[in-house]
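Per-entry structural report
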Number of protein chains: 2
Amino acid sequence: MTASPPTPPGPDDGISRRGLLGLAAVGGAGLVVGGAAGGALAASVAGAASGSGSTTRYDFYGGHQAGITTPAQDRLHFAAFDLADGATRDELASLLADWTDAAARMTQGLEVGETGAVDGSPYAPPEDTGEALGLPPSGLTITFGFGPTLFETAEGVDRFGLADRRPPALEPLPRFTGDALDPARSGGDLCVQACADDPQVAVHAIRNLSRIAFGRASLRWSQLGFGRTSSTSTSQVTPRNLFGFKDGTANLKAEEPAEVAEHVWVSSEQGPDWMVGGSYLVARRIRMIIESWDRVQLAEQEDLVGRTKGEGGPLSGGTEFAPIDLDATDADGTPAIAADAHVRLAHPDVNGGIRLLRRGYNFVDGNDELGRLDAGLFFLSFQNDPARFVTVQRSLARDGLNEYLRHVGSAVFAIPAGVPEGGSIGDALLA
Amino acid sequence: MTASPPTPPGPDDGISRRGLLGLAAVGGAGLVVGGAAGGALAASVAGAASGSGSTTRYDFYGGHQAGITTPAQDRLHFAAFDLADGATRDELASLLADWTDAAARMTQGLEVGETGAVDGSPYAPPEDTGEALGLPPSGLTITFGFGPTLFETAEGVDRFGLADRRPPALEPLPRFTGDALDPARSGGDLCVQACADDPQVAVHAIRNLSRIAFGRASLRWSQLGFGRTSSTSTSQVTPRNLFGFKDGTANLKAEEPAEVAEHVWVSSEQGPDWMVGGSYLVARRIRMIIESWDRVQLAEQEDLVGRTKGEGGPLSGGTEFAPIDLDATDADGTPAIAADAHVRLAHPDVNGGIRLLRRGYNFVDGNDELGRLDAGLFFLSFQNDPARFVTVQRSLARDGLNEYLRHVGSAVFAIPAGVPEGGSIGDALLA
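Just so you know, these numbers come straight off a predicted model, no measurement behind them.

A look at the overall build of chain A
- The helix and strand tally for chain A stands at 10 helices and 12 strands.
- The 431 residues of chain A split such that 63% are buried.
- Put simply, 75% of the contacts in chain A that link residues at least 6 apart link residues at least 24 apart.

Examining the packing of helix α2 (residues 89-106) of chain A against helix α4 (residues 199-213) of chain A
Residues and elements named next belong to chain A.
- Orientation of α2 relative to α4, taken along the N-to-C sense of each, is 155 degrees, at an axis distance of 10 Å. By the angle between their directions, the pair α2 and α4 is classed as roughly antiparallel. For the element pair α2 and α4, the recorded crossing hand is right-handed. Residues L95, D98, W99, A102 and M106 of α2 form the contact with α4, whose own contacting residues are H204, A205, N208, L209, I212 and A213.
- For the contact of α2 with α4, the per-class residue count stands at eight nonpolar, two polar and one charged.

Description of the side chain of N241(B)
- Within the element layout of this structure, N241(B) appears in the loop between β5 (227-228) and α5 (257-263).
- A relative accessible area of 8% means that N241(B) is categorised as buried.
- Reaching out from N241(B), the side chain makes a polar contact with the side chain of D247(B) at a distance of 3.1 Å.
- Setting aside residues up to four positions removed in sequence, N241(B) forms contacts with E131(A), T229(B), D247(B), M288(B) and N362(B).

A word on the side chain of S233(B)
Residue and element names in this part refer to chain B.
- Its place among the elements puts S233 in the loop between β5 and α5.
- Assessed through its relative accessible area of 2%, S233 is described here as buried.
- There is a polar contact of 2.7 Å between the side chain of S233 and the side chain of S235.
- In this structure the side chain of S233 is engaged in a polar contact, spanning 2.6 Å, whose partner is the side chain of E255.
- Among residues more than four places away in sequence, those in contact with S233 are P71, K253, A254 and E255.

Let's talk about the nonpolar core
- In terms of nonpolar packing, the biggest core is built from 158 residues, with W99(A), L150(A), L190(A), W99(B), L150(B) and L190(B) touching the most fellow members.
- Beyond its immediate sequence surroundings of up to four residues, W99(B) is in contact with F81(B), F144(B), L190(B), V192(B), L209(B), I212(B) and A213(B).

So, the packing of aromatic side chains
- The final tally for this structure, using the stated rule, is 30 aromatic pairs over all chains.
- An angle of 15 degrees between the planes, with centres 5.6 Å apart, marks the rings of W99(A) and F144(A) as stacked. Of the two residues, W99(A) is situated in helix α2 and F144(A) in strand β4 (residues 141-146); the sequence distance between them amounts to 45 residues.
- The class of F144(A) is buried, set by a relative accessible area of 1%.
- Taken together, the aromatic side chains of F60(A), Y61(A), F81(A), W99(A) and F144(A) make up a single cluster linked through ring pairs.
- Taking NZ or CZ as reference, R295(A) lies 4.4 Å from the ring centre of F214(B), over its face.

Quick look at the UniProt feature "domain: Dyp-type peroxidase C-terminal" (unreviewed entry) in chain A
- Under the feature "domain: Dyp-type peroxidase C-terminal" (unreviewed entry), the UniProt entry names residues 238-419 of chain A.
- The distance separating the terminal C-alpha atoms of residues 238-419 of chain A is 31 Å; by composition the span is 18% helix and 23% strand.

Digging into the pattern of salt bridges
- Within the structure shown, the criterion is met by 34 salt bridges over all chains.
- In this structure, D294(B) engages R207(A) in a salt bridge whose closest nitrogen and oxygen atoms are separated by 2.7 Å. In this pair, D294(B) sits in the loop between α6 (290-293) and α7 (298-305) while R207(A) sits in helix α4, so the two residues belong to two different chains. Like D294(B), the residue R207(A) is buried in the burial classification.
- The closest approach of N and O atoms between R287(A) and D368(A), which form a salt bridge, is 3.1 Å. In this pair, R287(A) sits in strand β8 (residues 279-288) while D368(A) sits in the loop between β10 (361-367) and β11 (373-383), placing the two residues 81 residues apart along the sequence.
- Overall, the relative accessible area of 14% leaves D368(A) in the buried class.

Section: α2(A)
- Compared with an ideal rise of 1.5 Å per residue, which puts 18 residues at 26 Å, α2(A) spans 26 Å between its outermost C-alpha atoms and is within 8% of the ideal.
- Every buried residue belonging to α2(A) is among L92(A), L95(A), L96(A), W99(A), T100(A), A102(A), A103(A), A104(A), R105(A) and M106(A), and all of these are buried.

Comments concerning helix α7 (residues 298-305) of chain A
Residues and elements named next belong to chain A.
- By the criterion of burial, α7 is predominantly enclosed, with eight of the eight residues buried.
- Residues of α7 that are buried: L298, A299, E300, Q301, E302, D303, L304 and V305.
- Just past α7, the residue G306 takes up positive phi, approximately 95 degrees.

With respect to the confidence of the model for chain A
Residue and element names in this part refer to chain A.
- On average, residues of chain A score 88 in pLDDT, and 86% of them reach the 70 mark or higher.
- The low-confidence segment residues 1-50, where pLDDT is below 50, has 122 contacts with residues more than four positions distant or belonging to other chains.
- Among the prediction metrics, the complex's ipTM stands at 0.89, with pTM recorded as 0.90.

Digging into the pairing of β10(A)
Residues and elements named next belong to chain A.
- With six of its seven residues buried, β10 lies for the most part within the structure.
- Across two bridges, the pairing between strand β7 (residues 227-228) and β10 is antiparallel. The residue bridging G227 from the neighbouring strand is N362, located in β10.
- Across five bridges, β10 lies against β11 in antiparallel orientation. Bridge pairing in β11 links F363 to G376.

As for the environment of S231(B)
Residue and element names in this part refer to chain B.
- Relative to the helices and strands, S231 is located in the loop between β5 and α5.
- Measuring from C-alpha to C-alpha, the distance between S231 and G248 comes to 6.2 Å, with 17 residues separating the pair along the chain.
- Not counting residues within four places of it along the chain, the set of residues in contact with S231 comprises Q236, V237, T238, P239, N251, L252 and K253.
- Among the polar contacts made by the side chain of S231, one reaches the side chain of R228 at a distance of 3.1 Å.

Overview of the pairing of β4(A)
Residues and elements named next belong to chain A.
- The buried count for β4 comes to six of six residues, which makes it a mostly enclosed element.
- Residue alternation in β4 divides its side chains into two sets, T141, T143 and G145 and I142, F144 and F146, and both sets are buried.
- Bridge analysis of β4 against strand β5 (residues 190-196) gives six bridges, and the strand direction is antiparallel. Within the sheet, the bridge partner assigned to F144 lies in β5 and is V192.

Rules behind the numbers
Residues numbered from 1 in each chain as written. Chains lettered and ligands numbered in written order. Predicted model: local features only at pLDDT ≥ 70, side-chain atom pairs only at ≥ 80, totals over all residues. Heavy atoms only, no water. Helix = DSSP H or I, 4+ residues; strand = E, 2+ residues; numbered from the N terminus. Buried < 20%, exposed > 50% of the residue type's maximum accessible area, 1.4 Å probe, protein only. Contact = heavy atoms within 4.5 Å. Axes fitted to C-alpha atoms, helices over the stretch in contact; angles between N-to-C directions. Parallel < 35°, antiparallel > 145°, perpendicular 65-115°, else oblique. Left-handed = near helix turned anticlockwise from the far one by under 90°. Nonpolar A, V, L, I, M, F, W, Y, C, P; charged D, E, K, R; others polar. Polar contact = N/O pair within 3.5 Å; in protein donor to acceptor, adjacent residues only side chain to side chain. Core = buried A, V, L, I, M, F, W, Y, C linked by side-chain atoms within 4.5 Å. Phe/Tyr/Trp six-rings, centres within 6.5 Å; stacked < 30°, edge-to-face > 60°. Lys NZ or Arg CZ within 6 Å of the ring centre and 35° of its normal. UniProt positions renumbered as here; feature names shortened; annotations may be inferred. Salt bridge = Lys/Arg side-chain N within 4 Å of Asp/Glu carboxyl O. Expected span 1.5 Å × (residues − 1). pLDDT = per-residue confidence, 0-100. Pairing = 2+ DSSP bridges.

Here it is as structure tokens:
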């Protein structure tokens, strides 16, 4: 379709693959500061090339995967993949190895491959799709997970000889009150969570991993999130969800290592061995009926949440980070935190001490045919047993906010531990 | 649905409407620097409250609407609205007046209303939905436009007595080769373009304008864009589109006032009077078939575009901003810029000197059932006659890139001039 036949790039044409690669290297000029555990440390260097990206760079390799306790980046592209029909265990292993290599490079601000062409040939397509060229690492983290169907399909088929490797905790989530799940937005054999300060960098990561998967796995569903709804570090300002409230004030924070160890990481007692140091990820696409919510008066909105809208302080008194007093009463003896208030039903004291590490994102995906924004919260939480999420979610069955919520997508994934340099994210599972 | 009856906020409860309003005022603490014409000047003050927002603040009022020559912000939420069945001319006027007031406030980092409740009553819902509380102005611009159907429906109905006010240039766009338009993503009586450095601020603007429209107009379609694909100022780095190429290198820039006057603003000679100082906006949702594109070798990609992928220099030689030499040939006499290269067919020299001011955005809206990302370019261009766009788009009928593009949405809007403080964006039209 070109008038003149394409000329392969040569070493002297000034547009060589090395030229392309060189551009990415400029973008990746920030410093990397230690961090044995993924997400523990990063250098934030001034002078981003453009856009909203930062030169923050997180180690990909480490004891835990990055993107869990890493300070929640502002933007998300999440994707669930299904293995291709007839894919073999070897293909699964090679896919995970290829993904690992590409993720390790992209998180450092490098192009996905070393040569610029998929097979090193000038007649082949570029190895990297290019839209992140010149952008800094932007705090990109890439986190991989395995869904229940990878171990055994709903029909009981063990496609990859993994049924006996399935962690007992990795069950499909039960049905919850009010679920209105779309199968096309639920489940998946594999997941990839890409978080970054620049959405172009997160999108570039998912696109290139999807491309690498071609023929072995394909996108089942994907979700962009434009605004984080949780802090995972005490260094972060608490963001707001699309109800207009601060969200995640009481979230687990990276600066609470004992609590993170207790609630998030799979211990050797919990097992199985290959999951030690890993976690479980629950993803829920929660549509907010914001047009109805926006007609609720301020005092009732605050009653439903259990916090003030402006400051975010609990209705039992105090500023944002004041402890919630579930027993406090108003002058007339009414509970300050209503019986169906969200913060009461989600509180550790009514859930056997359970705390979840949340990493959710606001989303808006256009609008429906009634002119209502398709908007809400893409809820993500990490915990060392999905049963912990189930306990909290069952408690929330009485949540007064439910009138304004529809859970339309759901998935659970086993998140393996991190991997040392040179390894593959599939090594522990497939050993 | 609450256990305890909601208590209206009072002046002493510490969670008053003033408390909410006060938060927004903190976010809006940046300086405003002059700028009679919208988007001409803005102050960029260090120290954003959180996220990617900036304290950049643009005047809403001025001779031209902001959001046209304003340096293209990184994020977009665009919305097309239809007036409600049976809406009157008075309702149209009041909607545009209410939108103007809200836009003037939101662009300054303020809440949408002054009191915190939609009618000043503590029993009413909050006047602002709240998700941008605490965020700085983030360079928000809000640009309004009028579609052909506002003046006369496709069936020839003049709902608002505006048929004789319709600018002759404001015709529905003709059908172009390869159009695969979805009516649900095309057209609209009104449009609102919200651009900001922080997507949460852009989304907040469209949500609140949609809410204000309730009962008078409703969302017809909307589109989020995560990454600008054009620079509109020489101060900006050229961004990349999802083909991985720099886009908008040769775009009209705010620093070329004579060219902007010639190509973008409606002159008194062009008229009609009420459109002088305005422009016309063309919006096209262009799906990129990126999975196919990603299989094209680098040299052919560059041939199709007419520029190198790394540097973005024209294939006729030179670096990014080198002039394109359409007559240059390779050593063997082949044109350096192919006959079907995008940059040739879009070049002013083959289009009667026409230049468009482009303000497009990259988008990814999940994926289709085949596992392909629903990704592409949301093309936006401003010009003082839509016929200019038509000329260029017809030239692009031979564009070799078309194999990788599908135009799935299309709209054109008259963009009135700016409005002085206290006026309404509908004044000139409805006078």
